[in-house]
Amino acid sequence: MPSTAATAKVADNAATPRCTTADLSVSLGAPKESQDAKGQFDVPLTFKNTSARTCGLHGVPGVDLVGPDDPNGTVYHLPREDNGAKYNEVSAGTTASATITVLTPSDGGASWTPTKLVTIPPGQTQPLTAAWPANLPMLRQDSATHPGSYVNGILAG
C-alpha cells in the first residue's frame, strides 16, 4: 500500500462530501493467505483519491469478479460484509481500502480464475476496474448461504 495511505483519517461525521467514481482510481494489492483460515486469501482493494479535494468514502463497495464461462455465468457477485467501518475522510492523493477475502479450491477441486474485478464505490453507480491476479483461482459458491469469498467495508489507510 502506498505510504500516502497513512494520511487518510476516520471522521466522526459525514460532513465531507462523498467521493464520486470520478474522484477515484482503484488497484488490487498482493494476495496474502489468511492466518485464521487455511485456503482463504485477503486481497486489498485500494481506492485512491485522485481529485484535488478531500472526500468521504465509507460503506461496502459492490464487487463483481468477471472471468471465463462457468455453469453459473461469467460474473460472480461477491457478497458484502458490513464490518461497521466508520466514515473515512480521504485527502487528495491518499487511499482507503476494503479487503476482499477469497476462498481457494481444495487440491483437485473445481476452480475458477477471474480475469478482472469490477467495483462500484459506495453511493455511486459508475464502475472502476482492475486486473485480477492471474495466480489466484477461487472456489465459486454462488448459492452458498455463508460463502468463503466476500468483500468488507472500506477502512482508512
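What this report covers is the structure whose coordinates are included nearby.

**Observations regarding the overall build of the chain**
Within the chain, the regular secondary structure consists of zero helices and 14 strands. Mapped in sequence order, the helices and strands of the chain form the string β-β-β-β-β-β-β-β-β-β-β-β-β-β. What you see for the chain is a C-alpha radius of gyration of 16 Å, in line with the 15 Å of a compact globule of 157 residues. Judged by the C-alpha coordinates and their principal axes, the chain covers about 50 × 30 × 25 Å.

**A short note on the packing of aromatic side chains**
As enumerated under the stated definition, the model contains zero aromatic pairs in all. Note that Arg140 overlies the ring of Trp112, its terminal NZ or CZ placed 4.5 Å from the centroid.

**Considering the pattern of salt bridges**
Scanning the entire structure with this criterion turns up three salt bridges. For Asp70, the salt bridge goes to Arg140, with nearest N and O atoms at 3.7 Å. In this pair, Asp70 sits in the loop between β6 (62-66) and β7 (75-77) while Arg140 sits in the loop between β12 (128-131) and β13 (150-152), placing the two residues 70 residues apart along the sequence. We classify Arg140 as buried; its relative accessible area is 12%. Between Asp142 and Arg140 there is a salt bridge, with the nearest N and O atoms lying 2.9 Å from each other. Overall, the relative accessible area of 35% leaves Asp142 in the partly exposed class. Overlapping salt bridges, with partners in common, bring together Asp70, Arg140 and Asp142 in one network.

**Quick word on the sheet that holds β7**
Spatially, the four strands line up as an open sheet ordered β7-β6-β11-β12, and their pairing is antiparallel. Single-partner strands in this sheet number two, and they are β7 and β12. Each strand axis lies, on average, 25 degrees off the axis of its neighbour in the sheet, ignoring direction. The pairing of β6 with β7 spans three bridges and is classified as antiparallel. From the neighbouring strand, Leu65 faces β7, where its bridge partner is Tyr76.

**Focus on the environment of Gly148**
With respect to the helices and strands, Gly148 occurs in the loop between β12 and β13. Judged by its relative accessible area of 11%, Gly148 falls in the buried class. Ignoring sequence-local partners within four residues, the contact set of Gly148 consists of Gln40, Thr101, Val102, Leu103 and Gln141.

**A closer look at the nonpolar core**
Counting residues in each nonpolar core, the largest one holds 28 residues, and the members touching the most others are Leu45, Leu65, Ile100 and Trp132. Among all residues touching Trp132, those that are not within four sequence positions of it are Leu28, Val43, Leu65, Ile100, Val102, Pro114, Thr115, Lys116 and Leu117.

**Examining the pairing of β12**
Side chains of β12 alternate between two faces, with Leu128 and Ala130 buried and Thr129 and Ala131 left unburied. Note: strand β11 (residues 116-120) against β12, four bridges, orientation antiparallel. The residue bridging Leu117 from the neighbouring strand is Ala130, located in β12.

**Some points on the pairing of β6**
Note on strand geometry: in a regular strand, side chains alternate between the two faces of the sheet. Counting buried positions over the five residues of β6 gives four, a clear majority of the element. Bridge analysis of β6 against β11 gives five bridges, and the strand direction is antiparallel. Paired with Val63 across the strands is Thr119, a residue of β11.

Basis of the calculations
- Residues numbered from 1 in each chain as written.
- Predicted model: local features only at pLDDT ≥ 70, side-chain atom pairs only at ≥ 80, totals over all residues.
- Heavy atoms only, no water.
- Helix = DSSP H or I, 4+ residues; strand = E, 2+ residues; numbered from the N terminus.
- Rg over C-alpha atoms; globule rule 2.2 N^0.38 Å.
- Phe/Tyr/Trp six-rings, centres within 6.5 Å; stacked < 30°, edge-to-face > 60°.
- Lys NZ or Arg CZ within 6 Å of the ring centre and 35° of its normal.
- Salt bridge = Lys/Arg side-chain N within 4 Å of Asp/Glu carboxyl O.
- Buried < 20%, exposed > 50% of the residue type's maximum accessible area, 1.4 Å probe, protein only.
- Pairing = 2+ DSSP bridges.
- Axes fitted to C-alpha atoms, helices over the stretch in contact; angles between N-to-C directions.
- Contact = heavy atoms within 4.5 Å.
- Core = buried A, V, L, I, M, F, W, Y, C linked by side-chain atoms within 4.5 Å.

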